[in-house]
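Given next are the chains, with one letter for each unit.
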Amino acid sequence: MSKIAVIFWSGTGNTEAMANAVAEGAASKGAEVETIQAADFSATNVSGYDALAFGCPAMGSEELEEGEFQPMWDDVKPELGDKRIALFGSYDWGTGEWMDTWREDAEDAGANVVDTLIVNNEPDDEGLASCAELGAALA
Ligand SMILES: Cc1cc2nc3c(=O)[nH]c(=O)nc-3n(C[C@H](O)[C@H](O)[C@H](O)COP(=O)(O)O)c2cc1C
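The shown structure was predicted, so the numbers you read here are calculated from the model rather than taken from an experiment. (Residues numbered from 1 in each chain as written. Predicted model: local features only at pLDDT ≥ 70, side-chain atom pairs only at ≥ 80, totals over all residues. Heavy atoms only, no water.)

**Student:** What's the story with the packing of helix H1 (residues 14-28) against helix H4 (residues 125-138) in this structure? I'm lost.
**Tutor:** Packed helices, taken two at a time, are described by the angle between their axes plus the distance between the axes. At a closest axis distance of 6 Å, the pairing of H1 and H4 adopts a crossing angle of 50 degrees. By the angle between their axes, H1 is oblique relative to H4. For H1 against H4, the interelement crossing comes out right-handed. In this structure, H1 uses Ala 17, Met 18, Ala 21, Val 22, Gly 25 and Ala 26 to contact H4, whose residues at the interface are Leu 128, Cys 131, Ala 132, Leu 134, Gly 135 and Ala 136. Residues that form the contact of H1 with H4 fall into these classes: 10 nonpolar, 2 polar and no charged. (Axes fitted to C-alpha atoms, helices over the stretch in contact; angles between N-to-C directions. Helix = DSSP H or I, 4+ residues; strand = E, 2+ residues; numbered from the N terminus. Parallel < 35°, antiparallel > 145°, perpendicular 65-115°, else oblique. Left-handed = near helix turned anticlockwise from the far one by under 90°. Contact = heavy atoms within 4.5 Å. Nonpolar A, V, L, I, M, F, W, Y, C, P; charged D, E, K, R; others polar.)

So this is what it looks like as structure tokens:
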């Protein structure tokens with residue numbers, strides 16, 4: 001059975017709803033899933049998982065959240081090796097630029113990004129289904 005971590009930061013709950021749906025999708029494929037707040041995850045935890053999903057909304061000016069998520073990400077990304085990872089998050093007025101930058105950053109660090117998913121504001125049923133598919137694809 002594969003073990004999957006879904007690590008997220010969410011200010012107003014939209015990315016958290018995505019995280020829960022990603023976790024449900026992975027669990028539906030028989031994976032053991034842990035959903036973890038960004039502040040509670042660090043590089044030393046990476047080895048305990050086969051695959052990892054990271055969720056963070058567009059913040060700043062098309063940036064990752066700087067207080068908790070960005071430091072965690074900078075700590076974790078060099079340790080990901082060839083583990084399968086997915087990136088997801090919610091946004092509002094932009095075009096998803098933060099996700100393009102984030103994916104590039106992950107790939108520059110050598111990460112094996114299997115997929116990314118962005119959802120505008122609160123995920124609707126279609127958005128939640130896409131999240132579940134993302135989770136299932138990681139499992
Ligand atoms: C401080 C701040 C900065 C933001 N910057 C952006 C941005 O650059 N681009 C964008 O599309 N949305 C931006 N947003 C909107 C959020 O990404 C959007 O509200 C998202 O749904 C929040 O997700 P959450 O509920 O998981 O916190 C920003 C929101 C806040 C509060």
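So much for the structure itself; the text now carries on.
**Student:** Looking at this structure, how should I read the nonpolar core?
**Tutor:** The nonpolar side chains of a soluble globular protein tend to be buried, and buried together. Judged by nonpolar contacts, the single largest core of 26 residues is most densely connected at Phe 41, Phe 54, Phe 69, Trp 73, Ile 85 and Trp 102. The set of elements that each furnish at least two residues to this core consists of strand E1 (3-8), strand E3 (51-55), helix H2 (69-76), strand E4 (84-91) and helix H3 (97-108). Beyond its immediate chain neighbours, meaning those up to four positions away, Phe 54 contacts Ile 7, Phe 69, Met 72, Trp 73, Val 76, Leu 80, Ile 85, Ala 86, Leu 87, Phe 88 and Trp 102. By size, the runner-up hydrophobic cluster in this structure holds 19 residues, among which are Met 18, Ala 86, Phe 88 and Leu 138. (Core = buried A, V, L, I, M, F, W, Y, C linked by side-chain atoms within 4.5 Å. Buried < 20%, exposed > 50% of the residue type's maximum accessible area, 1.4 Å probe, protein only.)

**Student:** When you look at the site of the ligand in this model, what are you seeing that I'm missing?
**Tutor:** Around the ligand lies a shell of 18 residues, among which Ser 10, Gly 11, Thr 12, Ala 58 and Ser 90 are the nearest. Glu 62 has a polar backbone atom sitting 2.8 Å from an oxygen atom of the ligand. If the ligand stood free it would expose 640 Å²; the protein chains cover 79% of that surface. Contributing elements (two or more residues each) for the shell around the ligand: H1 and E4. Taken together, the residues of the shell around the ligand sort by class into 5 nonpolar, 11 polar and 2 charged. (Near = heavy atom within 4 Å. Polar contact = N/O pair within 3.5 Å; in protein donor to acceptor, adjacent residues only side chain to side chain. Areas by Shrake-Rupley, 256 points an atom, 1.4 Å probe, with all protein chains shown as cover.)

Don't take any of this as a statement about function, it's just geometry.
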